[in-house]
Amino acid sequence: MSVQDHRYHRPAPGVDLQGRLSPFWRGLSELVWRLEHGFERARADGRPEEDTRVRIFLILIVFSCVFAGLAIGASYKALFGEAGGRWAGANPDALVRGDLTDRNGELLATNIVHYGLYLDPAEIWDRDLAFRQLRRALPRLQAARLRRVLDGDRRLIVLTGLTPQEKAAVHDLALGGVTFEPEDRRAYPLGTSAVHLIGDADTGGQGVSGAELAFNDEIRAAGQRGESFPLSIDLRVQGVLENELAAAAVKNQAKGAVGIVTDVQTGEVLGMASWPNFSQSNRGAAPDGATLNRAVSGHYEMGSVFKTFTVAAGLDTGRADMNTLFDASQAFQIGDRKIKDFHAQNRVMTLEEVYLHSSNIGTSQLAVQMGPDTMRDYFRRLGLLDAAGIELKESARPVVPRRWDSSTLASLSFGYGIMITPAQMVQAMGALTNGGRMVPLSLRRGGARGAQPHQIVTEETSRAILELMRSNVVKGSGGFADAPGLRVGGKTGSANKLVNGRYDPSRALGSFAAVFPVDGPLEAKRYAVFILMDEPGTYPKTGAYVAAPAVRNVADRIAGFLGVERRADRWRTATGEKIPEYQDVQGDGL
Amino acid sequence: MTTAPFFTYSRTALHRLFDWKVRGVRWIEIIGVALVAVMIVSVYAAKAAAARESSRIAQLEQDIRENGQRVRLLRAEVARLEQPARLESLSRQIGLAPVEVHRQAKEDQLPALKAAPAPAPATPAVAQAAPAEVAAAAPEAVQ
């Protein structure tokens, strides 16, 4: 019907709908006009009762539809809408950051509601009394700040970070004009324990250092879910490590010390300590250099511990076996440099003897024979040329030699000329003692995510290294590390530090890299313990005296936590007594 | 049309229903109004109950939150008191030390360390077994 009835086509006064709505408006009015016309036609056809009924019926339909729609909408809202909207959305346990726990759920870091203290001087009756009472209740409150707020004329913050106890103390004064506002704060209840490793987070809830920074996003996500985030640390192991490390460092008058315990099969760090330590809550009072996590950021020329790597490379390339002979009867000459032995034997030695007597001459000869390419390849495989694979952002890159000539190779073979972090050391030791798989260190419970361990040396090499390390403890320089019945194997490391271009014997470094138990299948549970003493003040300064006893104490005390049983092996009984040599000769070749 | 009688019947029934009146008011309207009144009252009651429940839920959630915070605080306090360095210095102060290896034993070694109380009071010497002998007697120490 194209006839336009102007009665129905009338825009609302004052509103210009002509522009955009005109097609719609025209269509609607046509529809209404058609309906009206229908009624008129019905009346004209002589059925006058029909038109009112049709109208009523139409209106009924329209209203029914509207009300049905409203009813459905209302019931939907009542039944489902509210449940999703108000209750399920907000998790009452949600936090800005999740708790940080050790592998067994012991608390390492948590969020605690602290309070900001606000004062409104207008509501305070006696300002001097309030001043005295507040100072008594909160000794750390600065007098000047408090005085300024009290003499002011509006509500101001006086102090942030009140603990709940402090809040209660102030609240009990029953002063007027005192208000508290809650603020979420990160708390580190362990004080000095694992402080470098945990790191800290700022008041905005962002990680700043340590694991708090390394796992920042995951810790925050865990907090939103109301869960905690477990690290690979075992607090019992960590505690023992810290205590023994501190005891040894004090006893040896060391400048610094590092201790690391890892699971060599999974790469999990069970304990990591750096001495001296400090308390996160009192960071300002930290001694000089204490905030440095030496375990991942300290660079050291490690010394003889590196002989393990040289020997492993020699065995793995097939260049040497246990009985290969090295002439250590005189100093090894490279150019105008003479390499001598610290514990000179002045004789021809097998590879095993080279390792046990820690012969610089022997390992230098081996390294020079292997050549720069092989050495560089093995150092790279052992992760000595890159930062350790641990998640901590502090993990530092090593200082590696630029030229790999024969003299450098000789130095590298016994741990000079390259500065690595203790974490790299432990990672490489782990790879050599777990069957030859390079597993990155990890602070994540269960090991690094998505890590694909790859074979870097053969299983035979790994087995041989385990044998050598055990021999070194029972027959060689590592005797002090032998924890009774725990089958400890290890290698001492002693180095002088480079001071003003000269190696200064008065500034030494003693370390001991150990694994236990060395026996059993290659994939059996095995733990690496590494202790390093930086600049010990006592004499002798070698790793055998400054670090090995600490390794023994640590291994002895953590074995129970790790489920390592005391057992006899070829050389020692389960309680650490020597088994006489003749038994081996007469026995069945054990 | 077969359905025509049904339509006429229902039409007359409908007519009767709408013609059923009391004092000029249709019963159907009275019933409708009564039903609406019942519905209003019941919806009101349900809403009031729901409001009560939801305020109770909010109260409980608040309690949970407060208790959760208390728990967190107490856990932190426990962790503070159990600091390894603190425990170690406390134990050293009262003269405790790690157990020496010769004084350690496993459960299966217990009978060897001290014989089960036998009825015959004749074996006090066995109980005095020296630790070294005990270790030697351990099955894995034989190799």
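Keep in mind the model is a prediction, meaning the values are calculated, not measured.

## Notes on the UniProt feature "domain: Penicillin-binding protein dimerisation" (unreviewed entry) in chain A
Argument step 1. If you check UniProt for "domain: Penicillin-binding protein dimerisation" (unreviewed entry), the listed places come out as residues 97-201 of chain A in our numbering.
Argument step 2. The distance separating the terminal C-alpha atoms of residues 97-201 of chain A is 9 Å; by composition the span is 30% helix and 30% strand.

## Quick word on the side chain of Arg566(A)
Argument step 1. Looking at where Arg566(A) falls in the secondary structure, it is placed in the loop between helix H18 (548-562) and helix H19 (581-586).
Argument step 2. A polar side-chain atom of Arg566(A) sits 2.8 Å from a polar atom in the side chain of Asp556(A).

## What to know about the pattern of salt bridges
Argument step 1. According to the stated counting rule, one finds 34 salt bridges over all chains in the structure shown.
Argument step 2. Across the pair Arg186(A) and Glu212(A) runs a salt bridge, and its minimum N-O distance is 2.8 Å. Here Arg186(A), found in strand S4 (residues 178-187), pairs with Glu212(A), found in helix H7 (residues 210-214); they are 26 residues apart in sequence, far enough to count as distant.
Argument step 3. Relative accessible area serves as the criterion here: at 13%, Arg186(A) is assigned to the buried category.
Argument step 4. Residues participating in the shared-partner salt-bridge network are Glu244(A), Arg557(A), Glu88(B) and Arg92(B).

## A closer look at the packing of aromatic side chains
Argument step 1. Within the structure shown, the criterion is met by eleven aromatic pairs over all chains.
Argument step 2. A centroid spacing of 6.1 Å and a plane angle of 80° characterise the contact between Phe379(A) and Trp404(A), whose relative ring orientation is edge-to-face. Residue Phe379(A) is located in helix H13 (residues 360-381), and its partner Trp404(A) is located in the loop between H13 and helix H14 (406-413); the two are separated by 25 residues in the primary sequence. Just as Phe379(A) is buried, Trp404(A) falls in that class too.
Argument step 3. Summarising the aromatic geometry, the rings of Trp20(B) and Trp27(B) are spaced 5.7 Å apart at their centres and angled 35° between planes, so their arrangement reads as tilted.
Argument step 4. A relative accessible area of 47% means that Trp20(B) is categorised as partly exposed.
Argument step 5. Judged by relative accessible area, Trp27(B) falls into the partly exposed class, the value being 30%.
Argument step 6. Taken together, the ring pairs in this structure connect Phe306(A), Phe309(A), Phe379(A) and Trp404(A) into an aromatic cluster.
Argument step 7. If you follow Lys167(A) out to its NZ or CZ, it ends over the ring of Tyr115(A), 4.5 Å from the centre.
Argument step 8. Note that Lys491(A) overlies the ring of Tyr355(A), its terminal NZ or CZ placed 5.6 Å from the centroid.

## Considering the interface of chain B and chain A
Argument step 1. Residue-level contacts link 27 residues of chain B with 33 residues of chain A.
Argument step 2. With both chains or domains summed, chain B and chain A bury close to 2600 Å², and 55% of this area falls on carbon and sulfur atoms.
Argument step 3. On inspection of chain B and its partner chain A, the count reaches three salt bridges.
Argument step 4. Here Arg75(B) makes a salt bridge to Asp99(A), at a shortest N to O gap of 3.8 Å.
Argument step 5. Of all the secondary-structure elements, those providing two or more residues to the side of chain B that touches chain A are helix H2 (27-81) and helix H3 (84-93) of chain B.
Argument step 6. In terms of residue count, H2(B) provides more of the side of chain B that touches chain A than any other element does, twelve residues in total.
Argument step 7. For the side of chain B that touches chain A, the residue count by class is ten nonpolar, six polar and eleven charged.

## Focus: helix H9 (residues 235-251) of chain A
Residue and element names in this part refer to chain A.
Argument step 1. Its 17 residues place the ends of H9 24 Å apart at the C-alpha level, agreeing with the 24 Å of an ideal helix rising 1.5 Å per residue.
Argument step 2. Taking burial as the measure, the 17 residues of H9 include twelve buried ones, the bulk of the element.
Argument step 3. Along H9, the residues classified as buried are Leu235, Val237, Gln238, Gly239, Val240, Leu241, Glu242, Asn243, Glu244, Leu245, Ala248 and Ala249.
Argument step 4. Of the residues flanking the end of H9, it is glutamine 253, one or two places downstream, whose phi is positive at about 50°.

## What about the packing of helix H11 (residues 307-317) of chain A against helix H15 (residues 422-433) of chain A?
Residue and element names in this part refer to chain A.
Argument step 1. With their axes 11 Å apart at the nearest point, H11 and H15 run at an angle of 35° to one another. Crossing of H11 over H15 shows left-handed handedness. Where H11 abuts H15, its residues Thr308, Phe309 and Ala312 lie against Met425, Ala428, Met429 and Leu432.
Argument step 2. Among the residues making up the contact of H11 with H15, the classes are represented as six nonpolar, one polar and no charged.

## A closer look at H11(A)
For an α-helix the count is 3.6 residues per turn, leaving residues at separations of three or four pointing the same way.
All names here are of chain A.
Argument step 1. Along H11, ten of the eleven residues are buried, which leaves the element largely enclosed by surrounding structure.
Argument step 2. Its buried side turned inward, H11 meets helix H12 (351-356), H13, H14, H15, helix H16 (459-474) and strand S14 (489-499).
Argument step 3. Immediately downstream of H11, the backbone of glycine 318 shows phi near 85°, a positive value.

## Some words on the nonpolar core
Residues and elements named next belong to chain A.
Argument step 1. If you look at the biggest cluster of nonpolar residues, it comprises 96 residues, and the most contacted ones within it are Leu100, Met272, Phe306, Phe309, Phe379 and Met425.
Argument step 2. Shared between two domains, this core takes at least three residues from each, and those domains are domain 2 (100-230) and domain 3 (238-277 + 294-562).
Argument step 3. Each residue touching phenylalanine 309, except ones within four places of it in the same chain, is listed here: Leu382, Leu384, Met425, Ala428, Met429 and Leu432.
Argument step 4. Within the second largest apolar cluster, 35 residues are counted, among which are Val261, Leu270, Ala555 and Val564.

## Here we look at the UniProt feature "transmembrane region" (unreviewed entry) in chain B
Argument step 1. In the numbering used here, UniProt assigns the feature "transmembrane region" (unreviewed entry) to residues 27-46 of chain B.
Argument step 2. Split by type, residues 27-46 of chain B is 100% helix and 0% strand. Its first and last C-alpha atoms lie 28 Å apart.

## Describing the sheet that holds S14(A)
Residues and elements named next belong to chain A.
Argument step 1. The strand order S7-S6-S16-S15-S14 describes an open sheet built from five strands, whose pairing is antiparallel. Every other strand in the sheet has two partners, leaving strand S7 (269-275) and S14 as the edge strands with one partner each. Pairwise comparison of adjacent strand axes, ignoring direction, gives a mean angle of 10° for this sheet.
Argument step 2. In this sheet, S7 lies alongside strand S6 (residues 256-263) in antiparallel orientation, the contact comprising six bridges. Paired with isoleucine 260 across the strands is methionine 272, a residue of S7.
Argument step 3. Here H9 sits on the sheet and contacts S6, S7 and strand S16 (527-534); the angle it forms with S7, its principal contact strand, is near 30°.

## Things to note about the environment of Pro484(A)
Argument step 1. With respect to the helices and strands, Pro484(A) occurs in the loop between H16 and S14.
Argument step 2. Between the C-alpha atom of Pro484(A) and that of His37(A), which follows or precedes it by 447 residues, the distance is 110 Å.
Argument step 3. Not counting residues up to four positions away in its chain, the partners in contact with Pro484(A) are Asp556(A), Arg566(A), Ala574(A), Thr575(A), Gly576(A) and Val101(B).

What counts as what
- Residues numbered from 1 in each chain as written.
- Chains lettered and ligands numbered in written order.
- Predicted model: local features only at pLDDT ≥ 70, side-chain atom pairs only at ≥ 80, totals over all residues.
- Heavy atoms only, no water.
- UniProt positions renumbered as here; feature names shortened; annotations may be inferred.
- Helix = DSSP H or I, 4+ residues; strand = E, 2+ residues; numbered from the N terminus.
- Polar contact = N/O pair within 3.5 Å; in protein donor to acceptor, adjacent residues only side chain to side chain.
- Salt bridge = Lys/Arg side-chain N within 4 Å of Asp/Glu carboxyl O.
- Buried < 20%, exposed > 50% of the residue type's maximum accessible area, 1.4 Å probe, protein only.
- Phe/Tyr/Trp six-rings, centres within 6.5 Å; stacked < 30°, edge-to-face > 60°.
- Lys NZ or Arg CZ within 6 Å of the ring centre and 35° of its normal.
- Contact = heavy atoms within 4.5 Å.
- Buried area = accessible area lost by both parts, 1.4 Å probe.
- Nonpolar A, V, L, I, M, F, W, Y, C, P; charged D, E, K, R; others polar.
- Expected span 1.5 Å × (residues − 1).
- Axes fitted to C-alpha atoms, helices over the stretch in contact; angles between N-to-C directions.
- Left-handed = near helix turned anticlockwise from the far one by under 90°.
- Core = buried A, V, L, I, M, F, W, Y, C linked by side-chain atoms within 4.5 Å.
- Domains from an automatic or database assignment.
- Pairing = 2+ DSSP bridges.

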